[in-house]
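# Observations on the three-dimensional arrangement
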Amino acid sequence: MSQGGPFGQGRVRDESGMIPAKNFAPLFSDGHLSLQQICLELEHIKRTISQNDESLRTEIEEIDRDLDDEIHERKDGFDRLRREFEGFAHRRSEKVVHELEEFTKEQAVRDGLRFNQIAEAVKELNRLKLHLKSVQMMWSQLVNAISDPSRLPRCHQVRMEMGVVGQDAPPSES
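Residues numbered from 1 in each chain as written. Predicted model: local features only at pLDDT ≥ 70, side-chain atom pairs only at ≥ 80, totals over all residues. Heavy atoms only, no water.

## Let's talk about the overall build of the protein
- Each helix and strand in the protein was counted, giving two helices and zero strands.
- Per element, the accessible surface of the protein, about 15900 Å² overall, is 59% carbon and sulfur. (Helix = DSSP H or I, 4+ residues; strand = E, 2+ residues; numbered from the N terminus. Areas by Shrake-Rupley, 256 points an atom, 1.4 Å probe, with all protein chains shown as cover.)

Put into structure tokens, the structure is as follows:
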């Protein structure tokens, strides 16, 4: 068995003719160290990713809660605005209806007053017509009496003869 060789001074092979593993240990020690460091780094990266993932999940849950809160606040705000608008519209419509009722009542009162005024005017006009008819009848009688005194009733003829009816009347022809 050779004494030298690539792995150092001592015997390279043992009694069974195999190369012992301790002779290979220095050869792979750098690889083992690198592999251990990579495994440690991998574990560190996994923990970091897990922590980051957990913190991101927490942030996402907070954002979801904030969004839900905002959605509810906006819905509540819109509902409040809708109720306020409906209340305003209802009050406004009631006010308009009330004003229309008042206007209608005022118009009815005015119409009643106008009707009464017109009725009074009609009464006055009818009275005037009656008086004018009386005046016209009296005027006709006067004209007839002046033109033909014999047509007058006897009591008026007597008065005319006595001069009671009118002093300005022209003398009658008898």
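There's more to say after this.
## A word on the confidence of the model for the protein
- Summary statistics for the protein give a mean pLDDT of 83 and a share of 76% for residues scoring 70 or more.
- Confidence over residues 1-9 falls short of pLDDT 50; this stretch has 13 contacts with residues more than four positions distant or in other chains. (pLDDT = per-residue confidence, 0-100. Contact = heavy atoms within 4.5 Å.)

## Focus on a negative patch on the surface
- Among the surface-exposed residues, Glu59, Glu61, Glu62, Asp64, Asp66, Asp68, Asp69, Glu73 and Asp76 lie close enough to one another that they form a single negatively charged patch.
- Within the fold, Asp76 resides in helix 1 (residues 25-147). (Patch = residues over 30% accessible without salt bridge, like charges linked within 9 Å, V, L, I, M, F, W, Y side chains within 5 Å. Salt bridge = Lys/Arg side-chain N within 4 Å of Asp/Glu carboxyl O. Lys, Arg positive; Asp, Glu negative; His and termini not counted. Charge placed at Lys NZ, Arg CZ, Asp CG, Glu CD.)

## Topic: the pattern of salt bridges
- Per the stated rule, a full pass over the model turns up nine salt bridges.
- Note that Arg57 is salt-bridged to Glu54, the shortest N-O span being 3.5 Å. Placement of the pair is Arg57 and Glu54 together in helix 1, with a separation of three residues, close to one helical turn.
- Accessibility expressed as a relative area gives 45% for Glu54, which makes it partly exposed.
- Salt-bridge contacts for Arg74 lead to Glu70; the nearest nitrogen and oxygen are separated by 3.8 Å. (Buried < 20%, exposed > 50% of the residue type's maximum accessible area, 1.4 Å probe, protein only.)

## Digging into a nonpolar patch on the surface
- Together, Trp139, Leu142, Val143 and Ile146 give the surface a local cluster of nonpolar side chains, amounting to about 400 Å² of exposed area.
- Take Val143: it is sitting in helix 1.

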